[in-house]
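So you can see what is in the structure, the chains are spelled out below.
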Amino acid sequence: AAYNRTIEKDPANAAAWNGQALAYAELKNYNASIKLFDRAIEIDPEEIGFRYNKALVLNELGNYSEAVAVLQETVEQHPECAPCWNRLGLSLAEMEMFSQAIKAYDRAIELDPSYLEPWNNRGIAQVMDNEDFVEALKSFDKAIEIDPDCMQAWVNKANALKLAGRGPEATSALEKAKRLGYQG
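Below is a summary of the structure that appears in this document.

Calculation criteria
- Throughout this document, residue positions are counted from 1 along each chain, in the order its sequence is written.
- Local features in this predicted model are restricted to residues whose pLDDT is 70 or higher, and side-chain atom pairs enter the listing and the counts only when it is 80 or higher, whereas totals over whole chains, interfaces and linings include all residues.
- The basis for every side-chain value is the complete set of non-hydrogen atoms in the structure, without hydrogens or water.
- Throughout, disulfides are identified as pairs of cysteine sulfur atoms within 2.5 Å of each other.
- Partly exposed describes any residue whose relative accessible area lies between the buried limit of under 20% and the exposed limit of over 50%, with all areas from a 1.4 Å probe on protein chains only and scaled to the type maximum.
- Nine residue types can take part in a nonpolar core, namely buried Ala, Val, Leu, Ile, Met, Phe, Trp, Tyr and Cys, and a core is a set of them joined through side-chain atoms within 4.5 Å.
- Only runs of H or I of at least four residues qualify as helices and only runs of E of at least two qualify as strands under DSSP, and these elements are numbered from the N terminus.
- Residues count as neighbours in contact if any of their non-hydrogen atoms are within 4.5 Å of one another.
- In what follows, salt bridge is the name for a side-chain nitrogen of Lys or Arg lying within 4 Å of a carboxyl oxygen of Asp or Glu.
- Residues adjacent in sequence count toward polar contacts only when both atoms are side-chain atoms; beyond that, a polar contact is any pair of N or O atoms within 3.5 Å, and within protein one must be able to donate a hydrogen and the other to accept it.

**A short note on the state of the cysteines**
- Here the structure, examined in full by the defined rule, presents one disulfide.
- Paired by a disulfide, Cys-81 and Cys-84 hold their sulfur atoms 2.4 Å apart. With the S-S bond torsion at 65 degrees, the cross-link from Cys-81 to Cys-84 turns out right-handed.
- Relative accessible area serves as the criterion here: at 11%, Cys-81 is assigned to the buried category.
- Take Cys-84: its relative accessible area is 0%, and that puts it in the buried class.

Structure representation (structure tokens):
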């Protein structure tokens, strides 16, 4: 209701359109949400967050190719946006375009080497792309170096070790993940 009032008073308030779109997304009314994000983008095409949020909703709908298109446009306009590169990698990975996803994660890492998520995502993509366990384990280890309490990185490391035939090490990594709250 607050967003409606703001939009009525100031229809050119892109942030209000974005806020209303996020509210619709929370309610899982994704199609309405996308239309509202489009309006926010139309008003302020330079705002990264509006496109990023639209891509999140497109991913929720399983429309990965459109999410990739939105994110590619975003990183062309804002090549410094590490979260956008990471999100692009996730969308590409959903389409099983793992080598392209790895390139997007690499760009996110280049921009922000201490950004944990692309390291973890990169490791997953390396396993899925060509079962490159050596590189995947390096990625998971880097994620763990950034945050030793990152449960998901420990789980992913355990899985990669298991797939690589390194059972005792996999068990040790999984035990660490369980100490961090992993229930699997």
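**Regarding the nonpolar core**
- The biggest cluster of nonpolar side chains holds 36 residues, and the ones touching the most others in it are Val-57, Trp-85, Leu-88 and Leu-92.
- Only α2 (14–26), α3 (30–43), α4 (48–60), α5 (64–77), α6 (82–94) and α7 (98–111) provide two or more residues apiece to this core.
- Contact partners of Leu-92, with chain neighbours within four places excluded, come to Val-68, Met-97, Gln-100, Ala-101 and Ala-104.
- Residues Val-127, Ala-136, Ala-170 and Ala-177 belong to the second largest nonpolar core, which totals 20 residues.

**Description of the side chain of Thr-74**
- Here Thr-74 is to be found in helix α5.
- Under the relative-accessibility criterion, Thr-74 is labelled buried at 0%.
- When near neighbours in sequence (up to four residues on either side) are disregarded, Thr-74 contacts Ile-48, Arg-51 and Cys-84.

**Looking at the pattern of salt bridges**
- Per the counting criterion, the structure on display carries nine salt bridges.
- A salt bridge links Arg-122 to Asp-106; its shortest N-O distance comes to 2.5 Å. Note that Arg-122 is positioned in helix α8 (residues 116–130) and Asp-106 in helix α7, a separation of 16 residues in sequence.
- Residues Lys-142 and Glu-145 are paired through a salt bridge, measuring 3.1 Å at the closest nitrogen-oxygen approach. Highlighted residues: Lys-142 and Glu-145, both in helix α9 (residues 133–146), separated by three residues, approximately one helical turn.
- A relative accessible area of 57% places Glu-145 in the exposed class.

**Points about the environment of Asn-121**
- For Asn-121, the position within the fold is in helix α8.
- The sequence separation of Asn-121 and Asn-86 amounts to 35 residues, and the corresponding C-alpha distance is 8.1 Å.
- Residues contacting Asn-121, with those up to four places away along its chain left out, are Asn-86, Leu-90 and Tyr-105.
- At 2.9 Å, the side chain of Asn-121 forms a polar contact with the side chain of Asn-86.

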